[in-house]
Amino acid sequence: AVIGAWGMCACEEMPNPIGSILDRYRSSDLRVLTWNVEGINGGTLPFRPATMTELELAPFIRVLKAIDADVIVFNEIGSDDDVKALPEWLHDHVRSGIWQVHQGIDTGDRTVIASYYPMNMLATNTDPPAWTGRGVTMALIDCPDSCWSTDLYLLGVHLKCCEDPGDEEDRQESADAI
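For clarity, every value in this text was computed on a predicted model and none was experimentally measured.

(A) Highlighting the pattern of salt bridges. Enumeration according to the criterion identifies 6 salt bridges in this entry. One salt bridge connects Lys 160 with Asp 167, and the closest N-O pair in it is separated by 3.6 Å. Asp 167 gets classed as buried once you look at its relative accessible area, which sits at 3%. Put simply, Asp 68, Asp 70 and Arg 95 are held in one network by salt bridges that share partners.

(B) Main features of the state of the cysteines. Here the structure, examined in full by the defined rule, presents 1 disulfide. A sulfur-sulfur distance of 2.4 Å marks the disulfide that ties Cys 161 to Cys 162. Taking the sign of the torsion about the S-S bond as the criterion, the disulfide between Cys 161 and Cys 162, at about -50 degrees, is left-handed. Among the cysteines around Cys 143, which has no disulfide bond, Cys 147 carries the closest sulfur, lying 9.1 Å off.

(C) View of unusual backbone geometry. Residue Pro 128 is bonded to the preceding Asp 127 through a cis peptide linkage, with omega at 5 degrees. By secondary structure assignment, the location of Pro 128 is in the loop between strand 5 (119-123) and strand 6 (137-141). If you check the backbone angles, Glu 76 has positive phi at about 65 degrees while not being a glycine. Mapping Glu 76 onto the fold places it in strand 2 (residues 71-77).

(D) Structural view of the environment of Arg 110. Within the fold, Arg 110 resides in strand 4 (residues 110-115). Here Gln 103 takes part through its side chain, which lies 3.3 Å from a polar atom of the side chain of Arg 110.

(E) A look at the sheet that holds strand 3 (residues 100-102). Read across the open sheet, the 4 strands follow the order 1-2-4-3; overall the sheet is mixed. At either margin of the open sheet sits one strand with a lone partner, and together these are strand 1 (32-36) and strand 3. With strand direction ignored, the average angle separating the axes of adjacent strands in the sheet is 20 degrees. This element, helix 3 (residues 80-93), spans strand 2, strand 3 and strand 4 of the sheet and lies at about 20 degrees to strand 4.

(F) View of the packing of aromatic side chains. Applying the stated rule across the entire model yields 4 aromatic pairs. With a centroid separation of 5.4 Å and an interplanar angle of 70 degrees, the aromatic rings of Trp 99 and Tyr 116 are classed as edge-to-face. Taken together, the positions of Trp 99 in the loop between helix 3 and strand 3 and Tyr 116 in the loop between strand 4 and strand 5 put the pair 17 residues apart, joining distant regions of the chain. The interplanar angle of 80 degrees and the centroid separation of 6.0 Å between the aromatic rings of Tyr 116 and Tyr 117 together place this pair among those described as edge-to-face. Members of the aromatic cluster, joined through ring pairs, are Trp 35, Phe 60 and Phe 74.

(G) Region of the structure containing the pairing of strand 4. Among the 6 residues in strand 4, 6 count as buried, and that is most of the element. As paired strands, strand 2 and strand 4 are joined by 6 bridges and run antiparallel to one another. Residue pairing across strands places Val 73 opposite Ile 113, the latter belonging to strand 4. Pairing between strand 3 and strand 4: 3 bridges, direction antiparallel. Bridging from a neighbouring strand, Val 101 pairs with Ala 114 of strand 4.

(H) The nonpolar core, seen in detail. Core analysis: the largest hydrophobic core is formed by 20 residues, its most contacted members being Leu 64, Ile 72, Phe 74, Trp 89 and Leu 90. The residues touching Leu 90, leaving out its near neighbours within four places in the chain, are Ile 72, Phe 74, Arg 95, Trp 99 and Ala 114. Counting residues in each nonpolar core, the second largest holds 13 residues, with Val 73, Ile 113, Met 119 and Leu 152 among its members.

The rules behind each value
Just so you know, the residues in each chain are numbered from 1, in the order the chain's sequence is written. Local features in this predicted model are restricted to residues of pLDDT 70 or higher, and side-chain atom pairs are both shown and tallied only at a pLDDT of 80 or more, whereas totals for entire chains, interfaces and linings draw on every residue. The side-chain values count all of the structure's non-hydrogen atoms but skip hydrogen atoms and water molecules. Every case where a carboxyl oxygen of Asp or Glu lies within 4 Å of a side-chain nitrogen of Lys or Arg is listed as a salt bridge. Burial classes: relative accessible area under 20% of the type maximum marks a residue as buried, over 50% as exposed, and values in between as partly exposed (1.4 Å probe, protein chains only). The disulfide definition used here is simple: a pair of cysteine sulfur atoms within 2.5 Å. Where helices and strands are cited, they refer to DSSP runs of H or I of at least four residues and of E of at least two residues respectively, numbered from the N terminus. In the analysis that follows, any N or O atom pair within 3.5 Å is treated as a polar contact, provided that within protein one partner can donate a hydrogen and the other can accept it, and provided that, for residues neighboring in sequence, both atoms belong to side chains. Strand pairing follows a simple DSSP-based rule, namely that at least 2 bridges must link the two strands. Helix axes use the C-alpha atoms of the stretch in contact, all axes being lines fitted to C-alpha atoms, and the angles between their N-to-C directions lie in the range 0 to 180 degrees. Throughout, a residue-residue contact means that at least one pair of heavy atoms, one from each residue, lies within 4.5 Å. Working definition: a ring pair exists when centres of Phe, Tyr or Trp rings (six-membered ring for Trp) sit within 6.5 Å. Plane angles under 30 degrees give stacked, over 60 give edge-to-face, the rest tilted. Each nonpolar core is a collection of buried residues, namely Ala, Val, Leu, Ile, Met, Phe, Trp, Tyr and Cys, held together in the definition by side-chain atoms within 4.5 Å.

Structure below.
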């Protein structure tokens, strides 16, 4: 009901012709992507080009350009260097412009929000808190007023995986917190 009430973007009256499943219905549509990057390149993300060749970087760049997301929630980023390099990497390889990054809880398993639009009301966990190993990374995405009368408050969360003792409780704790 909330999403339905948000309505269509006011920027365009007529939809663009759709050429493929990845094309935007309207050029002003807000596109959000979530991507679990754990395990890429032996645990090192492609956001530091010195760790990967151009040939190795090409598939990541191709996917991100094709999806053309305005906001990306990256899950399981472990390195401060990766988080610091992310805005410039997105600018250079995905879409030129100023990308903002909210790095979430500083753990080896953090959830990071990258946005092409400004962000505010940043938080790294709910109250009461979600499972502290990851938390809930939150930001208000300031959608362009010329298109949207309402902004998007995004909660980025990556539930604990696997079947180790306590994993189900950690997942439930995070779900309850949301």
